[in-house]
Amino acid sequence: ATPLRMRKALGRFASGVTIVTTAEVDDGAQSCDDAAVHGMTANAFTSVSLDPPLVLVSISTRAKMDARIAETGRYGVSILAGDQEPLSLHFAGATHKPDLVKFVWRQGVPLLDGALVHLSCRVTDSHPAGDHTLHVGRVEELWYDDGRPLVFYTGSFRALELPERPEQWG
Ligand code: FAD
Ligand code: NAD
């Protein structure tokens, strides 16, 4: 399986899109300094365990984020809403739109305003895996809302149709 065939095949696994964020904060002061935040777009995000509550993000060893998570030991996951494609392009370095970026701070973890779901996680294990690192995080707090998600499929962003009535969304 060449890298190109891997991308072609795995691009057929439809996913949501997240922004992973982290920041060095003084736990005592719970300071919320936007300038200390680093964020990046990630779709290699997985729910791992309910009890204890664990998720993982798979981060390229070439991404700045990999070392940043190793330093801070914490990360946030914002699952993007259907209208947040511009943010996913910005945090992938594909476009430069810093004016769109607004962080909200929850328990010392920065998250993206307007996302469908916010998770604040503490790293429990980091496993080297080829050219990525799997950072397993314990979910300390979470928040969620209803709405259309952003979907990534075959290298493009798509809309997900939902029933008219929000009570049928799950
Ligand atoms: P950079 O490339 O330096 O930063 C990313 C971008 O975020 C830059 O434009 C930067 O200006 C901006 N940014 C960072 N912090 C802030 C801030 N505080 N305020 C405003 N802007 C800020 N890579 C993976 O390793 N794993 C994945 O699962 C993954 N999934 C992806 C899914 C999709 C749909 C896409 C499009 C890309 C994905 N990538 C993934 C690739 C990854 O998003 C890029 O390689 C990214 O550029 C790596 O980020 P970096 O940490 O090296 O930082
Ligand atoms: P693409 O065709 O590269 O992505 C299709 C699928 O291939 C992704 O959903 C993912 O499952 C896999 N994939 C792609 N690049 C990978 C990588 N470096 N490591 C592990 N799996 C990877 O989609 P695109 O629109 O060309 O992507 C835009 C950029 O974002 C590219 O540079 C791509 O490499 C990067 N990306 C990285 C990852 C990742 O690191 N896990 C995931 C998605 C996209």
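Residues numbered from 1 in each chain as written. Chains lettered and ligands numbered in written order. Predicted model: local features only at pLDDT ≥ 70, side-chain atom pairs only at ≥ 80, totals over all residues.

**What about the site of ligand 1?**
Reasoning step 1: Taken together, the neighbourhood of ligand 1 is formed by 23 residues, with Ala42, Ala44, Ser60, Met65 and Gly93 sitting nearest.
Reasoning step 2: Considering each element in turn, the shell around ligand 1 owes the most residues, six residues, to strand β3 (residues 37–42).
Reasoning step 3: When grouped by side-chain class, the residues that make up the shell around ligand 1 number 13 nonpolar, nine polar and one charged. (Near = placed C-beta within 6 Å. Helix = DSSP H or I, 4+ residues; strand = E, 2+ residues; numbered from the N terminus. Nonpolar A, V, L, I, M, F, W, Y, C, P; charged D, E, K, R; others polar.)

**Notes on helix α2 (residues 64–72)**
Reasoning step 1: When α2 is considered as a whole, its buried residues turn out to be Met65, Arg68 and Ile69. Down the axis, α2 shows its buried residues gathered within 100 degrees of arc, on one side only.
Reasoning step 2: Contacts made by the buried residues of α2 are with β2 (18–23), β3, β5 (54–60), β6 (74–79), β9 (117–129) and β10 (132–144).
Reasoning step 3: Phi for Gly73, located one or two positions after α2, is positive at around 70 degrees. (Buried ≥ 20, exposed ≤ 12 C-beta atoms within 10 Å, placed from the backbone. Arc of directions from axis to C-beta. Contact = placed C-beta atoms within 7 Å.)

**With respect to the confidence of the model for the protein chain**
Reasoning step 1: Of all residues in the protein chain, 95% have pLDDT values of 70 or greater, and the mean over the chain is 93.
Reasoning step 2: Across the predicted assembly, pTM comes out at 0.96 and ipTM at 0.97. (pLDDT = per-residue confidence, 0-100.)

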